[in-house]
Amino acid sequence: MNKPQDLISLIGNTPLVKVENMDTGNCELYLKLEDQNPGGSIKDRIALSMIENAEKEGKIKSGDTLIEATAGNTGLGLALISVLKGYKLILVMPDKMSKEKIAHLKAMGVQVLLTRSDVGKGHPEYYQDMAKALAEEKGYYYIDQFSNPHNSLAHELTTGPEIYAQMDQNVDAVVAGVGSSGTISGMAAYFKKVSPQTDLVLADPEGSILKDYIDKGEFGEAGSWYVEGIGEDFIPEIADFSQTKTAYTITDKESFSTARELLMKEGLLAGSSSGTLIAAALKYCQEQTEPKRVVTFVCDSGNKYFSKLFNDHWMKEKGFIEKEVYGDLRDLISNHYDKGEVVTASIEDTLLDTYKKMKMYDISQLPIMDGDEILGIIDESDILFTVYEDESAFDRFAAECMTSNLVVIQASDSIDRLMEIFRDGMVAILMNEDQFVGLITKIDVLNHLRQQTANDKGKG
């Protein structure tokens, strides 16, 4: 029987599994399951290393306040170690991070400061610059994973040796991404010593500058990408690309579709950066003319991304899943009634039932249906004004309080007609002849116009 262990001792020594059902060409592809760390990601390793070495160097002690700039997973690792060792933690994060990561951090008592994700290094609202400035102003200890040598040292001393041993000292290539560059730099330091013939392959999101740097030794202006935790607009101070000769640019769409395919074919629930790494690893494997043994990482669990890459509505809104094209106003809406995507209230629902649905799905209005016929619309104001004077009114039927004077627009109508409805402050009920299609909201139109702009830029 295994003896009980403390949580910190469970960091590292993660399993390695072989990919069985995806196209790996002539190669064998193995995945190091870093989501099995107690904090749920590969970043537990560097969090432990950076905090424990700061303690050994006398820079921090229990009760001090630590601050760090993070895309999320380093923050979760730091939060875990801080809870166990008695530190206060402040994290500065770009505002594109998933709400699951933010909720997780706040639940652990972390102070989360969200800042702009549309600005680069040198801007005062860039997440790293903001964290550094706050540390200097308030006297917090700035961990600075991007310059901290104990970041890459964690992978040199633990991740690399684990992979080498698990692969029976036979590793042809390791595919990694770069956020702070700790993983790929630690791999370089380790494999230089034990297996210099092992290739290190970079998986880089489209928009990041790192592939250009690997290929050309120079880079231009960074773009933007949705994948979280990897890709950069600068070269981290601790970066060591001496063993990296091959790099792949992976689009957001490729990353997300690969992560979804991994779940469907291999049963592994992985995050967005894992999709990037695995997509690059598959490309590398498929290009090889001789069999090779290749390793990459499941960096974190996909349970942090249910609101994004595993959410069909989000994927469609961002253009990562192709929507059926009708050539009329039906193309504008995200949720179609005939596909079961519209949250509705029935004629038998009470105001309480309707309120619970609004709260559960984070929406402010619902169509009330009798079968497939739309009877009216009820919104949160209708409920509020009805129950304000009489709380027992929650038991009334929602249909008694709905707005039945509906403004109907046909799918064949023009977008100008739709804008007239919005200017009048009305809700647009979309019909295709006598069939209810769904509600068109202002955000639907904004998403449509934004997608058109993005498509036009892509063609230009």
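In this report, the structure presented in the accompanying data block is examined.

What counts, and where the lines are drawn
Residues numbered from 1 in each chain as written. Predicted model: local features only at pLDDT ≥ 70, side-chain atom pairs only at ≥ 80, totals over all residues. Heavy atoms only, no water. Core = buried A, V, L, I, M, F, W, Y, C linked by side-chain atoms within 4.5 Å. Buried < 20%, exposed > 50% of the residue type's maximum accessible area, 1.4 Å probe, protein only. Helix = DSSP H or I, 4+ residues; strand = E, 2+ residues; numbered from the N terminus. Pairing = 2+ DSSP bridges. Arc of directions from axis to C-beta. Axes fitted to C-alpha atoms, helices over the stretch in contact; angles between N-to-C directions. Polar contact = N/O pair within 3.5 Å; in protein donor to acceptor, adjacent residues only side chain to side chain. Contact = heavy atoms within 4.5 Å. Parallel < 35°, antiparallel > 145°, perpendicular 65-115°, else oblique. Left-handed = near helix turned anticlockwise from the far one by under 90°. Nonpolar A, V, L, I, M, F, W, Y, C, P; charged D, E, K, R; others polar. Disulfide = S-S within 2.5 Å. Salt bridge = Lys/Arg side-chain N within 4 Å of Asp/Glu carboxyl O. Phe/Tyr/Trp six-rings, centres within 6.5 Å; stacked < 30°, edge-to-face > 60°.

Next up on the list: the nonpolar core. If you look at the biggest cluster of nonpolar residues, it comprises 61 residues, and the most contacted ones within it are L31 and F297. The leading source of residues in this core is helix α9 (residues 272–287), at 8 residues.

Now for the sheet that holds strand β13 (residues 373–379). Taken in spatial order, the 3 strands of this open sheet run β11-β12-β13, and their pairing is mixed. Only two strands of the sheet have a single partner each, and these edge strands are β11 (345–346) and β13. Pairing analysis gives 2 bridges linking β11 to strand β12 (residues 365–370), with the strands arranged parallel. For S346, the partnering residue across the bridge sits in β12 and is M369.

Another aspect to go through is helix α13 (residues 415–423). If you check which residues of α13 are buried, you get L418, I421 and F422. Buried residues of α13 fall within an arc of 100° about the axis and therefore sit on the same side. Seen from the buried face of α13, the exposed residues on the opposite side, beyond 90 degrees, are D416 and R423. Following α13 by one or two positions, G425 adopts a phi angle in the positive range, close to 75°.

Hydrogen bonding along the main chain pairs the strands of a sheet, whether they run parallel or antiparallel. A sheet is described by the order of its strands in space; here 6 strands give the open sequence β1-β2-β10-β7-β8-β9, paired in mixed fashion. The two strands at the open ends of the sheet, each matched to only one other strand, are β1 (16–18) and β9 (244–250). For this sheet, the mean inter-axis angle between neighbouring strands, taken without regard to orientation, is 25°. Sheet topology note: the strand β2 (residues 28–33)/strand β10 (residues 293–298) ladder contains 6 bridges and is parallel. Its bridge partner lying in β10, L29 is registered against V294.

By the secondary structure assignment, S208 is in the loop between β8 (199–205) and α7 (210–216). S208 gets classed as buried once you look at its relative accessible area, which sits at 10%. Polar side-chain contacts of S208 include one of 2.8 Å to the side chain of D204. Residues in contact with S208, not counting those within four places in the same chain, are W225, G231 and E232.

Turning next to the packing of helix α1 (residues 43–56) against helix α5 (residues 149–166). As a packed pair, α1 and α5 sit with axes 8 Å apart at the nearest point and diverge in direction by 130°. If you check the angle between α1 and α5, you find them oblique. Seen along the crossing, α1 lies across α5 with a hand that is right-handed. On α5, the residues that touch R45, I46, S49, M50 and N53 of α1 are H150, N151, A154, H155, T158, T159 and E162. A class-by-class count of the residues in the contact of α1 with α5 yields 3 nonpolar, 7 polar and 2 charged.

The subject of this paragraph is the pairing of β10. Most of β10 is tucked away, with 6 of its 6 residues classed as buried. In the sheet, strand β7 (residues 173–176) pairs with β10 via 2 bridges, with the strands oriented parallel. Note on β10: the bridge partner recorded for V174 is V295.

Here the structure, examined in full by the defined rule, presents 0 disulfides. Free cysteine: C299, not disulfide-bonded; nearest cysteine sulfur from C285 at 16 Å. Given the relative accessible area of 10%, C299 is considered buried.

Let's shift gears to the pattern of salt bridges. Enumeration according to the criterion identifies 29 salt bridges in this entry. The partner of D118 in a salt bridge is R116, with the nearest N and O atoms 2.9 Å apart. On the basis of relative accessibility, which here comes to 32%, the residue R116 falls in the partly exposed class. The partner of R116 in a salt bridge is E125, with the nearest N and O atoms 3.7 Å apart. By relative accessible area, E125 is classed as partly exposed at 33%. Each of K32, E34, R45 and E162 takes part in a single network of salt bridges with overlapping partners.

To continue, consider the packing of aromatic side chains. A complete count under the given rule lists 16 aromatic pairs for this structure. With a centroid separation of 5.7 Å and an interplanar angle of 70°, the aromatic rings of F256 and W314 are classed as edge-to-face. Highlighted residues: F256 in helix α8 (residues 252–266) and W314 in helix α10 (residues 312–317), separated in sequence by 58 residues. On the basis of relative accessibility, which here comes to 2%, the residue F256 falls in the buried class.

That is the geometry; function is a separate question.
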